[in-house]
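# Overview (structure and organization)
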Amino acid sequence: MNEWFLRFLIGGCTVSVFAELGALFRPKSFAGLFSAAPSVALATLGLAFANQGASYARMEAQAMMLGALALVLYCFVVCQLLARFQVSALLSTAVAIPLWVIAAFGLKFLILS
Amino acid sequence: MLVSIRTKALNETKVWEYVVRFVFGGLATALAGLVSHKGGPFAGGLFLAFPVIFCASATMIERHEWKRKADRGLEGKRRGKLAAALDSVGALLGSIGLVAFGSIVWLLGESGAITAIATALTSWLVLSVTLWWCRRYIRRTSLR
């Protein structure tokens, strides 16, 4: 089976499972934990361990920590846009994506330099 | 009760919403693989925490809450945004757990895939839930 199709299939399944788990729980702040579940990471790291080996997967996991730190900042900004400024969910999550990109690659640049 | 399970929520999800989540998840995983392939594992690894799933879930939560209020004849747009904001608070705490997930895989990677990933997943869950509980406890005691 094509590797990209396999990635798509595994990623789609893990994300759907975590999304449904999140939908089941109340209160909403608890359900929100599942919006930051390692669903993409489970699929990608599993394939990286199987195809490229442990050192490659460890390097991906190391970078993932920086991406997750950028995600903390992203969630904080989205929360402020929604609660304080009453921006719609679609708009606030979309306009904050460049911030995630800048924060993640900025941290990567800082670490590597 | 601190946390409850509401199975009725599964009936509120439309077929197209399942499809959107599946496609978003699949595309995000393929994107992470593509970036790793072109830019190396360090660049691709960043995308393991890309917020694409959160975008989809926050939008759906806002819509569900707004629709629930509208069905009762109430104006639910503000309520929908607040529900999505609460979801983002949880996602923020989950992201801190995600840092722990990455660090455990990095530390235990040489011990084997199953050991590293299973320990990391458990750490993510335990840390995220603990942080959520601490936040709730602090908010409750400060309101008294």
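Here the structure is shown first, and the text comes after it.
The present account deals with the structure reproduced in this document. All values derive from a computational prediction rather than experimental measurement. (Residues numbered from 1 in each chain as written. Chains lettered and ligands numbered in written order. Predicted model: local features only at pLDDT ≥ 70, side-chain atom pairs only at ≥ 80, totals over all residues. Heavy atoms only, no water.)

### As for the overall build of chain A
Where we set the bar: Helix and strand definitions follow DSSP, with helices as H or I runs of at least four residues and strands as E runs of at least two, each counted in order from the N terminus. Relative accessibility under 20% of the residue-type maximum defines a buried residue, over 50% an exposed one, and the middle range a partly exposed one, all with a 1.4 Å probe and only protein chains included. Two residues qualify as a contact provided that any one of their heavy atoms is within 4.5 Å of a heavy atom in the partner residue. Note on areas: Shrake-Rupley, 1.4 Å probe, and residue coverage restricted to the protein chains presented here.
Regarding its fold elements, chain A presents 6 helices and 1 strand. Each helix (α) and strand (β) of chain A, taken in turn from the N terminus, gives the series α-β-α-α-α-α-α. Considering chain A as a whole, with its 113 residues, one finds that 57% of them fall into the buried category. In chain A, the proportion of contacts linking residues at least 24 apart, taken out of those at least 6 apart, comes to 47%. As displayed, chain A has an accessible area near 4,800 Å², and 74% of this comes from carbon and sulfur atoms.

### Section: the overall build of chain B
Stated precisely, the cut-off is as follows: Here the radius of gyration uses the C-alpha set of atoms, whereas the globule reference equals 2.2 Å times the residue count to the power 0.38. For the purpose of counting charges, residues Lys and Arg are taken to be positive, whereas Asp and Glu are taken to be negative. His and the chain ends are not included. A charged residue contributes its charge at one atom only: NZ of Lys, CZ of Arg, CG of Asp or CD of Glu.
Check the secondary structure of chain B and you find 6 helices and 1 strand. Mapped from its N terminus to its C terminus, chain B presents α and β elements in the order β-α-α-α-α-α-α. Relative to the 2.2 N^0.38 estimate, which gives 15 Å for 144 residues, the radius of gyration of chain B is 18 Å and therefore markedly larger than a compact globule would have. Principal-axis analysis of the C-alpha atoms gives chain B an extent of 55 × 40 × 25 Å. Evaluated residue by residue, chain B yields a buried proportion of 49% over its 144 residues. In chain B, the proportion of contacts linking residues at least 24 apart, taken out of those at least 6 apart, comes to 52%. Carbon and sulfur atoms make up 68% of the accessible area of chain B, which amounts to about 7,400 Å² in all. Each charge class in chain B was averaged separately, 19 positive and 8 negative side chains, and the resulting centres sit 6 Å apart.

### Notes on the nonpolar core
Heads up, the rule is: Grouping buried Ala, Val, Leu, Ile, Met, Phe, Trp, Tyr and Cys residues that are joined through side-chain atoms within 4.5 Å yields what is termed a nonpolar core.
Ranked by size, the top nonpolar core spans 66 residues in total, and within it Leu45, Tyr74 and Trp100 of chain A together with Phe101 of chain B carry the most contacts. Excluding its chain neighbours within four sequence positions, the residues that come into contact with Leu45 of chain A are Ala57, Glu60 and Ala61 of chain A together with Leu48, Phe101, Val105 and Ile117 of chain B.

### Thoughts on the side chain of Glu20 of chain A
Mapped onto the secondary structure, Glu20 of chain A falls in helix H1 (residues 3–24). Note on Glu20 of chain A: relative accessible area 13%, which makes it buried. Beyond its immediate stretch of four places on either side in the chain, Glu20 of chain A contacts Leu10, Thr13, Tyr18 and Arg21 of chain B.

### Description of a nonpolar patch on the surface
Our working rule: Patches were defined on residues exceeding 30% relative accessible area and lacking a salt bridge, with like-charge contacts within 9 Å and nonpolar side-chain contacts (Val, Leu, Ile, Met, Phe, Trp, Tyr) within 5 Å. Salt bridges are defined by distance alone: a side-chain nitrogen of Lys or Arg within 4 Å of a carboxyl oxygen of Asp or Glu.
On the surface, Leu2, Trp133, Tyr137 and Ile138 of chain B cluster together to form a nonpolar patch covering roughly 430 Å² of accessible area. Residue Ile138 of chain B is classed as exposed on the basis of its relative accessible area of 55%.

### So, the interface of chain A and chain B
Rules: When two parts are put together, the accessible area they lose, computed with a 1.4 Å probe and summed over both, is reported as buried area. What qualifies as a polar contact is a pair of N or O atoms within 3.5 Å, subject to a donor-acceptor requirement within protein and to the restriction that residues adjacent in sequence count only when both atoms come from side chains.
Contacts between the two partners involve 73 residues from chain A, matched on the other side by 80 residues from chain B. Carbon and sulfur atoms supply 76% of the area buried between chain A and chain B, which totals about 7,100 Å² over both sides. Our count for the contact surface shared by chain A and chain B stands at 3 salt bridges. Inspection of the chain A/chain B interface yields 15 residue pairs in polar contact (both at pLDDT 80 or more).

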